[in-house]
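# Structural description and commentary
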Amino acid sequence: MKKILALVASQRKLANGEIIIKEVAASVGDEYELELLRLTDLELDPCRGCYVCLMPGKKCPIDDGLYYLLERIKAADGIIIAALIMY
């Protein structure tokens, strides 16, 4: 079964973005499995600009949810993103 990763950036659970994602995922059929990931549930710290991640064989020294998020993205066959845009 193929996986669709849904990334929701809204602070509110069950907000419009999440509702739309669930509707889109339902319309693609039963051959896809939806994995919903709320970015607000992850601890994602800002970059410190140390450039360690640019060195061969090194990874970011910040111990947060970044690599978990990257693994989920790599494992997905498709991605849907819902984000709030403020003017």
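Below is a summary of the structure that appears in this document.

Definitions and cut-offs
Along each chain, the written sequence defines residue order, and numbers are assigned to residues from 1. Per-residue local features of the predicted model are confined to residues with pLDDT of at least 70, and side-chain atom pairs are confined, for both listing and counting, to 80 or more; whole-chain, interface and lining totals are unaffected and use all residues. Neither water nor hydrogens contribute to the side-chain values; these are computed over all heavy atoms in the structure. Any Lys or Arg side-chain nitrogen found within 4 Å of a carboxyl oxygen on Asp or Glu counts as a salt bridge. Helix numbering and strand numbering both begin at the N terminus, where a helix is a DSSP run of H or I of at least 4 residues and a strand a DSSP run of E of at least 2. For every residue, the accessible area (1.4 Å probe, protein chains only) is compared with the maximum for its type, and the residue is labelled buried under 20%, exposed over 50%, or partly exposed between those bounds. Paired strands, in this sense, are two strands between which DSSP finds at least two bridges. Inter-axis angles, ranging from 0 to 180 degrees, are taken between N-to-C directions of lines fitted to C-alpha atoms, where helices are fitted over the stretch in contact. Contacts: residue pairs with any heavy atoms within 4.5 Å of one another.

### A word on the pattern of salt bridges
As a working rule, side chains carrying opposite charge can pair if their charged atoms are close by. If you walk through the whole model with that rule in mind, you get four salt bridges. Between Lys22 and Glu18 there is a salt bridge; the shortest N-O distance is 3.2 Å. Taken together, the positions of Lys22 and Glu18, both in helix H1 (residues 16-27) and four residues apart, correspond to about one turn of that helix. Its relative accessible area of 1% is what places Glu18 among the buried residues.

### Observations regarding the sheet that holds strand E3 (residues 78-82)
Strand order in the open sheet made by the three strands is E2-E1-E3, with parallel pairing throughout. Bordering the open sheet on either side are strand E2 (32-38) and E3, each of which pairs with just one other strand. When the angles between neighbouring strand axes are averaged without regard to direction, this sheet yields 20°. The pairing of strand E1 (residues 2-8) with E3 spans five bridges and is classified as parallel. Paired with Ile4 across the strands is Gly78, a residue of E3. The sheet contacts of H1 involve E1, E2 and E3, and relative to E2 the element is tilted by about 165°.

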